[in-house]
Amino acid sequence: MDRPEFYRFHQGDRILPFAASEYDDRLAGLRKIMADAGVDAAVFTSMHNIAYYSGFLYCSFGRPYGLVVTATESVTISAGIDAAQPWRRCHGDNITYTDWKRNNYWRAIRSVTGTGKVIGYEGDHISLAQKALLDEFLSPSETRDIAAATMVQRMHKSPAELEMIRAGAATADVGGFAIRDAISVGAREIDVAMAGRDAMELEIAKRFPEAEYRDTWVWFQSGINTDGAHNPVTARQLQVGDILSLNTFPMISGYYTALERTMFVREVDEASLKIWEANVAAHELGISLLKPGAKCSEITAQINDFFAERQLLQYRTFGYGHSFGVLSHYYGREAGLELREDIDTVLEPGMVISMEPMLTIPEGQPGAGGYREHDIMIITEDGNEDITKYPYGPEFNVVG
């Protein structure tokens, strides 16, 4: 039997998260980046850039996936195990590589790039082993890291992306209300989390009936489990007076959004209420600072000053917010748009960023636990649009 190294397997109707014109616009922006960098062909390996430029979100299971973009072509590279699904879910061409010979993945890429070209790659993603294979199979005249430039492109959202992100934020709210309704003394964290997750998945299916559904999840934490923002769900049972952390994360075609809220079961003690109200005040201050022309590091400094004046800054554990778009808990990060001391990016209309101050008070101290509020803002011409609608603060979130 003649076993091919790669082939094209295209069947079924193509269904994408956005119109073809959206991907054409993104590719036009990418080709300008490539031209400015003197790059003949870009070889992407990350989930976020492949999804951003083609619409295809891969599931690797130990196999490499790719997207090759030249001045005239855009071709996803996928494994035979996925058959024609990558083609149905991508913009442009698709090549399937086979397992019959090691490194057929790179042979498929070479069929598009040719050899001896200037190759762009993602230095923040490609492994040392895969970079060595890129050099071996493509024999580039030069390689240039274009990851940072593509990140800047992704930071500026199109109208279609903003519509998708608004739908995600609304879905996160649906999960939040379902969680609120499920909270009761004796309920387990996992029971409450499942209620929120199920509500969001049903909402996504209603809003996007032709989408692929994956990776919508909830982190619902109680008591000591609230001390970290990303602590996994457990089977701990809720008790009267528990501090709670509600975290909903709907995923729609690779676009992740979030809702996060501090809550208490039935009652909140005076010390906890004081910390909670301070964090809510910092949250409101932060939202007021998110406007075009503001610098991420300067916003961070102002919130730091707010906490320092109240002797609370030592309980802050991470930055105050980050970009949203094509990213997830296991792929993607627009690190140039985070509210941290070392990020000097200036906010511009069309950017999307969260405000999410968190204080963690250690066990044994009054008010022990993790306090976190989280809204998503779209930067507008003269301020911001808060697209998170679930209420924050003690008046609404002492429940059960």
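See above for the structure.
Below, the structure is looked at part by part. In this text, all values refer to a predicted model and were calculated from it rather than measured experimentally.

## Structural notes on the overall build of the protein chain
Here comes step 1: Each helix and strand in the protein chain was counted, giving eleven helices and 19 strands.
Here comes step 2: The C-alpha atoms of the protein chain give a radius of gyration of 23 Å, which matches the 21 Å a tight globule of 400 residues would have.
Here comes step 3: Considered along the principal axes of its C-alpha atoms, the protein chain spans approximately 75 × 45 × 35 Å.
Here comes step 4: Among the 400 residues that make up the protein chain, the fraction classed as buried is 54%.
Here comes step 5: Accessible area for the protein chain stands at about 16,500 Å²; split by element, carbon and sulfur atoms hold 51% of it.

## Looking at the pairing of strand β15 (residues 358-361)
Here comes step 1: Burial along β15 is two-sided: the residues Met-358 and Thr-360 and Leu-359 and Ile-361 are all buried.
Here comes step 2: As paired elements, β15 and strand β16 (residues 369-372) share four bridges and run antiparallel to each other. Across the sheet, Thr-360 pairs through a bridge with Gly-370, a residue of β16.

## Some thoughts on the layout of surface pockets
Here comes step 1: Quantified by volume, the largest pocket comes out at close to 360 Å³.
Here comes step 2: Taken together, 23 residues line the largest pocket, and the ones lying closest to its centre are Pro-17, Met-164, Phe-208, Ala-211 and Ser-253.
Here comes step 3: Examining the composition of the lining of the largest pocket, we find that four residues originate from one element, helix α7 (residues 159-182), more than from any other.
Here comes step 4: Residues of the lining of the largest pocket, tallied by class, amount to 14 nonpolar, three polar and six charged.
Here comes step 5: In this model, the second largest pocket occupies a volume close to 310 Å³.
Here comes step 6: Lining the second largest pocket are 22 residues, with His-230, Tyr-256, His-322, Arg-333 and Arg-372 positioned closest to its centre.

## Digging into empty space enclosed by the protein
Here comes step 1: Enumeration according to the criterion identifies three cavities of 30 Å³ or more in this entry.
Here comes step 2: When its volume is computed, the largest cavity comes out at roughly 40 Å³.
Here comes step 3: Lining the largest cavity, in full, are His-48, Asn-49, Glu-122, Asp-124, Ala-147, Thr-150, Met-151, Arg-154 and Arg-333.
Here comes step 4: For the lining of the largest cavity, the secondary-structure elements that each account for two or more residues are α2 (47-54) and α6 (147-155).
Here comes step 5: It is α6 that provides the largest number of residues to the lining of the largest cavity, a total of four residues.
Here comes step 6: A class-by-class count of the residues in the lining of the largest cavity yields two nonpolar, three polar and four charged.
Here comes step 7: In this structure, the second largest cavity spans a volume of roughly 40 Å³.
Here comes step 8: Of all elements in the fold, only α1 (20-37) and α2 reach the threshold of two or more residues within the lining of the second largest cavity.
Here comes step 9: In terms of residue class, the lining of the second largest cavity is built from seven nonpolar, two polar and one charged.

## Digging into the sheet that holds strand β18 (residues 384-386)
Here comes step 1: Strand order in the open sheet made by the three strands is β14-β17-β18, with antiparallel pairing throughout. A single partner strand is all that each edge strand has here, and the edge strands are β14 (352-355) and β18. In this sheet, adjacent strand axes meet at a mean angle of 35° when their direction is disregarded.
Here comes step 2: As judged from the three bridges shared by strand β17 (residues 375-379) and β18, these two strands associate in the antiparallel manner.

## What to know about the state of the cysteines
Here comes step 1: One pass over the structure, following the stated rule, counts zero disulfides.
Here comes step 2: Not part of a disulfide, Cys-90 finds its nearest cysteine sulfur in Cys-59, a span of 17 Å.

## Re the pattern of salt bridges
Here comes step 1: According to the stated counting rule, one finds 27 salt bridges in the structure shown.
Here comes step 2: The partner of Glu-212 in a salt bridge is Arg-89, with the nearest N and O atoms 3.4 Å apart. Of this pair, Glu-212 sits in the loop between α8 (189-207) and β8 (217-222) while Arg-89 sits in the loop between α3 (85-88) and β5 (93-97), placing them 123 residues apart in sequence.
Here comes step 3: The exposure class assigned to Glu-212 is partly exposed, which follows from its relative accessible area of 27%.
Here comes step 4: Look at Arg-89 and you get buried, because its relative accessible area is 17%.
Here comes step 5: The closest approach of N and O atoms between Asp-191 and Arg-188, which form a salt bridge, is 2.9 Å.
Here comes step 6: Overall, Asp-191 belongs to the partly exposed group, its relative accessible area being 30%.
Here comes step 7: Residue Arg-188 is classed as partly exposed on the basis of its relative accessible area, which comes to 35%.

About the thresholds
Residues numbered from 1 in each chain as written. Predicted model: local features only at pLDDT ≥ 70, side-chain atom pairs only at ≥ 80, totals over all residues. Heavy atoms only, no water. Helix = DSSP H or I, 4+ residues; strand = E, 2+ residues; numbered from the N terminus. Rg over C-alpha atoms; globule rule 2.2 N^0.38 Å. Buried < 20%, exposed > 50% of the residue type's maximum accessible area, 1.4 Å probe, protein only. Areas by Shrake-Rupley, 256 points an atom, 1.4 Å probe, with all protein chains shown as cover. Pairing = 2+ DSSP bridges. 1 Å grid on protein atoms, 1.4 Å probe; cavity = no way out; pocket = protein on both sides within 12 Å on 5 of 7 lines; lining within 4 Å. Points joined across faces, edges and corners; volume = space filled by probe spheres on them. Nonpolar A, V, L, I, M, F, W, Y, C, P; charged D, E, K, R; others polar. Axes fitted to C-alpha atoms, helices over the stretch in contact; angles between N-to-C directions. Disulfide = S-S within 2.5 Å. Salt bridge = Lys/Arg side-chain N within 4 Å of Asp/Glu carboxyl O.

Just geometry here; none of it tells us what the structure is for.
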